[in-house]
Amino acid sequence: MIKPVFLSNSPFVNVGYGQIVKNLLPKINEKYPTALICNYGLQGGNRIDNLWKGITFYGPGEGGFDETLVPNHVKDFQGTCLISIYDVWAWQKTHMELVNNGIPFIPYVPIDGHDLNSRYKEVLQYAFRIIPMSQHSEDCLKKYFPEKTLSHIPPGYNPEIFKPMWNTVEEKNKLKKLFHFPEDVFLIVIAGDIKGERKKWQENLEAVKMFRERNPHIKLGLYIHTSLRLRDGSNYDIAGLINELQLYDITRVVDTYYYVKGVSDEEMSKMFNAADVYLQASCGEGYGMSFVESAATGTPSIGTAFSSMNQTVADYE
């Protein structure tokens, strides 16, 4: 019997890889008994059977993600393979531990840079097969691992949730009131993590300021979907940027506790439906789930012509 074990973020994280896990694993578990090893989200190394939709969970370890636990978790579950939804370049020894224990390792790989970095190349040598997340990932991977690399499989979205909730401009504008904006604003939405440089928060917010200055006749609204809690010095100070760029009078930010607790897909769909444009001109995306979800609600996105975004945001001429 096929018994896949996944290694990724917990599905309680409602963005990125957590969202992919949440959409994918229940469907697989309907046919094949499935387990998830959380790299974070559950502390300790405890096994919890049937924690969520019949899926068995394993924690990352007592002091954070312990890579030596991974093959033991797989063997405890009697798993037949491990599929990662994860930036495997960050691993130090998981790949070697899996091979040494005779466990096939099949990474589902996002590539958010121009090419594979050296750590990707080192880790992926140990893979049994490689599943690219995007066309960009497939093109990069096939240069180095042509025999192992399969055709890419996009993460997808839930069309029962992410769909237009409006038929007329008037109906769309009324959705803006749910986010405490007047109906007559042109609403820009920006979302994403505040860690590191990749999401380019400063550049995105500077672009909003420039747009506002060049179009004083347009009544703007800016909705920011992220946590403002600074965890270390590499985090963007969003509140400081909003004040510095004098955008505070047009900006609303998702409630911090609500964001940390977890915003439902239904609420995310309302946000995309209310927006006139979704802005996330980052410097690299593994796939770009938010662009697809926004498009599914009928809202256009602004991104960059880099990495997988060439697949999720169409060129406009």
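Structure: above.
Just so you know, these numbers come straight off a predicted model, no measurement behind them.

Each value, and the rule that gives it
Residues numbered from 1 in each chain as written. Predicted model: local features only at pLDDT ≥ 70, side-chain atom pairs only at ≥ 80, totals over all residues. Heavy atoms only, no water. Helix = DSSP H or I, 4+ residues; strand = E, 2+ residues; numbered from the N terminus. Rg over C-alpha atoms; globule rule 2.2 N^0.38 Å. Buried < 20%, exposed > 50% of the residue type's maximum accessible area, 1.4 Å probe, protein only. Contact = heavy atoms within 4.5 Å. Areas by Shrake-Rupley, 256 points an atom, 1.4 Å probe, with all protein chains shown as cover. Lys, Arg positive; Asp, Glu negative; His and termini not counted. Charge placed at Lys NZ, Arg CZ, Asp CG, Glu CD. Polar contact = N/O pair within 3.5 Å; in protein donor to acceptor, adjacent residues only side chain to side chain. Disulfide = S-S within 2.5 Å. Pairing = 2+ DSSP bridges. Axes fitted to C-alpha atoms, helices over the stretch in contact; angles between N-to-C directions.

Chemist: Lay out the overall build of the protein chain with the relevant residues and their values.
Modeler: The number of helices and strands found in the protein chain is 12 helices and 12 strands. Relative to a compact globule of 317 residues, whose C-alpha radius of gyration would be 20 Å, the protein chain shows 21 Å and is just as compact. In terms of its C-alpha atoms, the protein chain occupies a principal-axis envelope of roughly 65 × 40 × 40 Å. The buried share of the protein chain, taken over its 317 residues, is 49%. Taking the contacts inside the protein chain whose residues are at least 6 apart along the sequence as the reference set, 63% of them involve residues at least 24 apart. Here the protein chain displays about 15,400 Å² of accessible surface, and carbon together with sulfur accounts for 52% of that area. Counting 32 positive and 37 negative side-chain charges, the protein chain places the averaged centre of each group 3 Å from the other.

Chemist: Got a sec to walk through the side chain of Asn-215? Specific residues and values, please.
Modeler: Inspection of the secondary structure puts Asn-215 in the loop between α7 (201-214) and β9 (220-225). Of the polar contacts made by the side chain of Asn-215, one reaches the backbone oxygen of Phe-211; its length is 2.9 Å.

Chemist: With reference to specific residues and values, describe the state of the cysteines.
Modeler: The final tally for this structure, using the stated rule, is zero disulfides. Take Cys-38: it sits in no disulfide, and the sulfur closest to it among the cysteines is that of Cys-81, at 17 Å. Assessed through its relative accessible area of 0%, Cys-38 is described here as buried.

Chemist: Break down the sheet that holds strand β5 (residues 81-85) for me, with residues and values.
Modeler: Judged by pairing direction, the sheet is mixed, and its seven strands sit side by side in the order β3-β4-β2-β1-β5-β6-β7 without closing on themselves. A single partner strand is all that each edge strand has here, and the edge strands are β3 (47-52) and β7 (131-132). Where strand β1 (residues 4-8) and β5 come together, five bridges link them in parallel fashion. Looking at β5, one finds that Leu-7 is bridged to Ser-84. Where helix α1 (residues 16-29) meets the sheet, it contacts β1, β2 (35-38), β3, β4 (55-58), β5 and β6 (105-109), and its direction lies at approximately 170 degrees from that of β1.

Chemist: Tell me about the sheet that holds β9, and please be specific about residues and values.
Modeler: Pairing within the open sheet is parallel, and its five strands lie in the order β10-β9-β8-β11-β12. The open sheet is flanked by β10 (251-253) and β12 (301-302), the only strands paired with a single partner. Inspection of the sheet shows strand β11 (residues 277-279) paired to β12 by two bridges, in the parallel sense. Opposite Leu-279, over in β12, you have Ile-302 as the bridge partner. Packed onto the sheet, helix α10 (residues 265-274) meets β8 (186-191), β9 and β11 and runs at close to 155 degrees relative to β9.

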